[in-house]
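For reference, the chains in residue letters:
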Amino acid sequence: MKPGAKTALVVFLVSALAALGAAGWWFWHEHLEQRMNARWKDSEAAADNPMLAATMFLRQQKIEVAGEAKLADLPLRSLRDGTIIIAEPDGLVTETQSRALLAWVGKGNTLVMRPRYLRKSDGEADTPGAEADQAAPPAAKPDAAAAAKPAGEAAPDATGEDGEDGEDDGDGEDGEDAEQAATKAAPAGAELRTLVESDPIGQRYGVRTKLWAKPSVRCGALVEPLPAEAASAGRTLRSDMRLACLTPPGSAWPLELDTGGEVLVSLKGKAAAPLWGDRGGFGLRVYAEGKGHVVLLPTNYFDNRELDEYDHAEALLALVRLNPRAARVLIVQHVDVLPWYRALWSNFALAVLGAALFLALLLWVAVRRFGPLLPGPRAERRSLVEHIDASAAWLWHAQGGRGLLIDAVRDDALAALARRAPELAQLPQQEKLHALVARSGLPHADLDAALYWLAGHTSDEFTLQIQTLQALRKHFDE
């Protein structure tokens, strides 16, 4: 073999071995080697308590934290001072609960909650803040069809979307005139929307939550430059379409909150002016209520998945410090309706107590007695003879009953005759009768009536027939 051919063969074999080794290494690495892959999984405690991270964070800040499953379980008339955070606004806040909460806030405390979503029965809503109007494209002018919509239906806003549909509930006292106009213009059955207001506190301030699909505000473009000490510490402002820029009183720089596309909107002609809030007015609003504060949020910034995002934890501390004299936080997981028995007791305690006393009095009248207790009757069983006599007396008067009785006794006597004297069974009637008279000694007429006649019509005749048959059976059985 030529030297060039040997060299080419060696190169080919080495290349083939290298390729085979690379393929084997790849196959081993991809299919045979065991690997550990980390997966995110919530602990059981975090799954049971969505506000666990906020609870642990506040306790690290030396703040007392307690939890409650439902708002309905709280003793609203004897709450301790501090801050209440309602995590999920699901359910119905009654007028009684809202009044008790606002009275508690008026003493200098803080309530943090989320208003319910915008409904069509709420009417039109303003765009979320002036900054949001500048960032969003201009809305088209309403046409004649939009102007002709009922007053209770939300017209398209800058997003081009209507209010979210949900449970049918209307406004409270603040929007009474507008709701009356909407009820007149609405179709039949729509007046039921005005019967229940599921969020009296949000209605009080004229605020609702809404999904905001288009750009609302660019946080970095609307705030002043950071102080030199903040910039030197490596802090930067990120620009995001969903970020709300919040500068709490006394803060050196703005805080960034990620609304996740949910924003606060004001109902036209019903919104109250907030004490302070974020720059766009869509991410957080603080309202003065007596000596305290009501904080409205479009989303829960403080649950387990959101607390470590952006400046949510620092915003939580800022809200808790609104009440500096009581560093105490109560986290309520859900808003729920009172059970029927608790709601009945809360609203009609005296009526329920009176009804209970009246029923107790009726029961006492029904069961009262005088004198000693009488002994109970002895439960003795009646004798079998009494049952037989009663059955015979009934059959004697029943139609065909006497025949049934004498047939039973007659069959019993003939059965004894067939056992003891079977030869008599083949004889004619008169010969059998003579033979029976000869053997038993019974009168011929009595045997004839007992064996072949119908049941007697009188008691004497019937008794004689039964006695004759019994005597005949006894004679042959002996």
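These figures come from a predicted structure and were not determined experimentally.

K.L.:
What am I meant to see in a nonpolar patch on the surface here?
P.N.:
The grouping of W25, W26, F27, W28 and L32 at the surface amounts to a nonpolar patch, some 630 Å² of accessible area in total. By the secondary structure assignment, F27 is in helix α1 (residues 3–32).

K.L.:
Would you explain the sheet that holds strand β11 (residues 328–334) in this entry?
P.N.:
For sheets, the rule is that strands pair by backbone hydrogen bonds, running either parallel or antiparallel. Strands sit in the order β1-β11-β2-β3-β10-β9-β8 across an open sheet of seven strands; the sheet is mixed. Each edge of the open sheet is held by one strand with a lone partner, namely β1 (64–70) and β8 (276–277). Pairing between β8 and strand β9 (residues 285–289): two bridges, direction antiparallel. The residue of β9 that forms the bridge with W276 is V286. Along the sheet face, helix α4 (residues 95–105) touches β2 (83–88), β3 (110–113), β9 and β10 (292–296) and points at about 125 degrees away from the line of β10.

K.L.:
Help me understand the pairing of β9, please; the structure alone is not making it clear to me.
P.N.:
Looking along a regular strand, one sees the side chains alternate between the two faces of the sheet. With four of five residues buried, β9 lies mostly within the body of the structure. With five bridges connecting them, β9 and β10 associate as antiparallel partners. Paired with A288 across the strands is H293, a residue of β10.

K.L.:
Help me understand the pattern of salt bridges, please; the structure alone is not making it clear to me.
P.N.:
Pairs can form between side chains of opposite charge whenever their charged atoms are close. A full pass over the atoms with the stated rule returns ten salt bridges. Note that R325 and D81 form a salt bridge whose closest N and O atoms lie 3.1 Å from each other. Here the residue R325 occupies a position in the loop between α11 (312–320) and β11, and D81 occupies one in the loop between β1 and β2, the gap between them amounting to 244 residues. The closest approach of N and O atoms between R419 and D477, which form a salt bridge, is 3.2 Å. Within this pair, whereas R419 is found in helix α15 (residues 401–420), its partner D477 is found in helix α18 (residues 459–477), the two being separated by 58 residues in sequence. Residue D477 is classed as partly exposed on the basis of its relative accessible area of 27%.

K.L.:
Would you take a moment to explain the environment of R419 for this structure?
P.N.:
For R419, a relative accessible area of 55% translates into the label exposed. Expressed as a C-alpha distance, the spacing of R419 and F476, which sit 57 residues apart in the sequence, is 8.6 Å. At 3.2 Å, the side chain of R419 and the side chain of D477 are in polar contact.

K.L.:
Would you mind showing me how to read the packing of aromatic side chains here?
P.N.:
Working definition: an aromatic ring pair is given by the centre-to-centre distance plus the angle between the planes. Tallied over the full model, the rule gives three aromatic pairs. Judged by centre distance (5.1 Å) and plane angle (65 degrees), the ring pair of W396 and F462 falls under edge-to-face. With W396 in helix α14 (residues 384–397) and F462 in helix α18, this pair connects stretches of sequence that are 66 residues apart. Seen from the ring of W396, R402 lies directly overhead, with NZ or CZ sitting 5.0 Å from the centre.

K.L.:
Teacher, can you tell me more about the packing of helix α16 (residues 429–440) against helix α17 (residues 444–452) here?
P.N.:
Close contact between α16 and α17 brings their axes to 10 Å; oriented N to C, the two are set at 125 degrees. Between α16 and α17, the angle falls in the class oblique. The two elements α16 and α17 meet at a crossing, and its hand is right-handed. Along the contact surface, α16 presents Q429, Q430, K432, L433, H434, L436, V437 and S440, while α17 presents H444, L447, D448, L451 and Y452. Considered class by class, the residues forming the contact of α16 with α17 number six nonpolar, five polar and two charged.

K.L.:
Would you mind showing me how to read the nonpolar core here?
P.N.:
Here is a general trend for soluble globular proteins: nonpolar side chains tend to be buried in one another's company. Core analysis: the biggest nonpolar cluster contains 34 residues, and L58, L284, V295, F302, L316, L319 and V329 have the highest contact counts within it. Those elements giving two or more residues to this core turn out to be α3 (52–60), β2, β5 (243–246), β6 (255–258), β7 (262–266), α11 and β11. Among the elements that line this core, the one with the most residues is α11, at six residues. Dropping the residues within four chain positions of it, L319 is found in contact with T83, T110, V112, W276, L284, V295 and F302. One finds L102, L111, V207 and V335 within the second-largest nonpolar core, a separate group that totals 23 residues.

Analysis parameters
Residues numbered from 1 in each chain as written. Predicted model: local features only at pLDDT ≥ 70, side-chain atom pairs only at ≥ 80, totals over all residues. Heavy atoms only, no water. Patch = residues over 30% accessible without salt bridge, like charges linked within 9 Å, V, L, I, M, F, W, Y side chains within 5 Å. Areas by Shrake-Rupley, 256 points an atom, 1.4 Å probe, with all protein chains shown as cover. Salt bridge = Lys/Arg side-chain N within 4 Å of Asp/Glu carboxyl O. Helix = DSSP H or I, 4+ residues; strand = E, 2+ residues; numbered from the N terminus. Pairing = 2+ DSSP bridges. Contact = heavy atoms within 4.5 Å. Axes fitted to C-alpha atoms, helices over the stretch in contact; angles between N-to-C directions. Buried < 20%, exposed > 50% of the residue type's maximum accessible area, 1.4 Å probe, protein only. Polar contact = N/O pair within 3.5 Å; in protein donor to acceptor, adjacent residues only side chain to side chain. Phe/Tyr/Trp six-rings, centres within 6.5 Å; stacked < 30°, edge-to-face > 60°. Lys NZ or Arg CZ within 6 Å of the ring centre and 35° of its normal. Parallel < 35°, antiparallel > 145°, perpendicular 65-115°, else oblique. Left-handed = near helix turned anticlockwise from the far one by under 90°. Nonpolar A, V, L, I, M, F, W, Y, C, P; charged D, E, K, R; others polar. Core = buried A, V, L, I, M, F, W, Y, C linked by side-chain atoms within 4.5 Å.

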